[in-house]
Amino acid sequence: MNAKRLTLVAGTLAATAAVAYAQLGGYTQSDLTKTATGKTLLQVIGDLNQYYLYPVDQEKLLRGAINGAIGSLNDEFTYYSEPANNAVDQQNLSGEFYGIGVTLVAANPDGTGGKIDNVYKNGAAAANGVQIGDVFVKIADTEVLTSKLDEIVRLVRGTKGTFVNVTFARDGKPYTVKMERQPVVIVSVEETILPGNIGYIALNTFYNEKASEQFAAAVADMKKKNVTKLILDLRDNGGGLLSAGVDVADQFLQTGNIVSLRERSGKTTVYGKAGKRNTDYTGKLILLVNKNSASASEVVSGALQDEKRATIVGEQTFGKGVAQIPITTVDGGKVAIVNSAWLTPLGREIHKKGITPDVVVKDTRYVTPLNFSGSGITAGSKLTLTVAGKPVTVTADKDGKFSYTGEVKRPSRSTVQGEAVVDVQGDAQLKKALELLK
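Okay, so let's go over this structure. (Residues numbered from 1 in each chain as written. Predicted model: local features only at pLDDT ≥ 70, side-chain atom pairs only at ≥ 80, totals over all residues. Heavy atoms only, no water.)

1. Comments concerning the packing of helix H9 (residues 242–250) against helix H10 (residues 296–306)
Moving on, step 1. Remark: H9 packs on H10, axes separated minimally by 8 Å, with the N-to-C direction vectors making an angle of 30°. Between H9 and H10, the angle falls in the class roughly parallel. Judged by the twist between their axes, the crossing of H9 over H10 is right-handed. For the pair H9 and H10, the contacting residues are Leu242, Gly245, Val248 and Ala249 in the first and Ala296, Val299, Val300 and Leu304 in the second.
Moving on, step 2. Of the residues belonging to the contact of H9 with H10, the class tally is seven nonpolar, one polar and no charged. (Axes fitted to C-alpha atoms, helices over the stretch in contact; angles between N-to-C directions. Helix = DSSP H or I, 4+ residues; strand = E, 2+ residues; numbered from the N terminus. Parallel < 35°, antiparallel > 145°, perpendicular 65-115°, else oblique. Left-handed = near helix turned anticlockwise from the far one by under 90°. Contact = heavy atoms within 4.5 Å. Nonpolar A, V, L, I, M, F, W, Y, C, P; charged D, E, K, R; others polar.)

2. Section: the environment of Ser375
Moving on, step 1. The topology assignment puts Ser375 in the loop between strand E20 (371–374) and strand E21 (382–387).
Moving on, step 2. Along the backbone, Ser375 and Val300 are 75 residues apart, and their C-alpha atoms lie at a distance of 48 Å.
Moving on, step 3. Apart from the residues lying within four places of it in its own chain, the contact partners of Ser375 are Gly400, Lys401 and Phe402.

3. Looking at the packing of helix H5 (residues 83–94) against helix H7 (residues 149–156)
Moving on, step 1. Interaxial distance between H5 and H7 falls to 10 Å at its minimum, and their mutual angle equals 70°. With respect to each other, H5 and H7 are oriented roughly perpendicular. Residues Ala84, Asn85 and Val88 of H5 pack against Asp150, Val153 and Arg154 of H7.

4. Points about the pattern of salt bridges
Moving on, step 1. Enumeration according to the criterion identifies 16 salt bridges in this entry.
Moving on, step 2. The shortest N-O distance in the salt bridge between Arg235 and Asp427 comes to 2.8 Å. One end of the pair, Arg235, is in the loop between strand E12 (229–233) and H9; the other, Asp427, is in the loop between strand E23 (402–405) and helix H11 (428–437), and 192 residues separate them in sequence.
Moving on, step 3. What makes Asp427 buried here is its relative accessible area of 4%.
Moving on, step 4. Arg262 serves as the salt-bridge partner of Glu349, at 3.0 Å between the closest nitrogen and oxygen. Residue Glu349 is located in the loop between strand E18 (334–343) and strand E19 (359–360), and its partner Arg262 is located in strand E13 (residues 257–262); the two are separated by 87 residues in the primary sequence.
Moving on, step 5. Given a relative accessible area of 28%, Arg262 falls into the partly exposed group.
Moving on, step 6. Members of the salt-bridge network, linked through shared partners, are Glu59, Arg63 and Asp331. (Salt bridge = Lys/Arg side-chain N within 4 Å of Asp/Glu carboxyl O. Buried < 20%, exposed > 50% of the residue type's maximum accessible area, 1.4 Å probe, protein only.)

This is the structure in structure tokens:
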């Protein structure tokens, strides 16, 4: 879960590998043939290759076995990433890659496809007229209308100076552009000044090795502008590096523990402590959270709440109170293994519970989209309903069933990285934060 900690733990694991196999029942290559279950696994793989009616994809078969082993733990936070996905993941973690300068969201209700969520100035996409809402149709010769987002990202990114041909659809009309992949730096921090010289900093992810540096720069900028009232927004921040969470909390705390880790043995170790620095922000502080604030976001929230350093405003947080160790696999993939629970300064474990805000306010930035479903019409026929004065057309499937889900309205984002866009009137949580700071 965090690079610094992983270096320490990975070294420990390497030094005790032999002991682990002996004491924890792990398998070596030779051990696999010494148990009936191990022999059965090898037998099934062999029998599939010998008798299955259709050709067997060996890579897919073995990765299926890997995912099956991990799936047996029934732990959503322990998982395996294939090499191609891990390569993109490492780019995201480093905070730099070569691409076209856009952010993406799913284009279809089932989470597939991709469309442009934002276009950054000075990027290749902006220079070629790509706009928010454009849908990916093809990348080079690959059709991607129903592809997974991570596959689209892999195809768009590449090496420095190479070109990529992308066909987009805008209002149903396709167009193709050729773009040179250029350096892209992921900026995870956005800031602005609100009325009354109230500072606002949003941290979108902790999964960026540059996040701590970027956040420290934003705090320094607030101090230069004589900000004495600050809003820290961790809504929709799903976490990332534990070290980054500690760094962010440490910007507001001058003493005491920030987070501790409890291992399987029950041993608890303090992972992060606060230190007094001239760069610390010591003014009034409101922290915004919602149901998607998780992991490192909850580390920060828990520490600031326990130390009564900030007023937490928003919704019950997600409740991810465990840390993972990522291990690079032989094939270039990654396995992330839950190996400890983390505790707040007062010893609270928040896993599957979350953190309760001091002031509970519903997140009003997302309105539930229009959706309906039904059946009983001829397969393939179209049905048009008038909703709020506008026609909505659906097509029945082979069983005569139909469904519709409207587009989810997303908060506006600036085309300038690092610049925050807020809606003081339509954002109930932000509005409450401003009221509390008056």
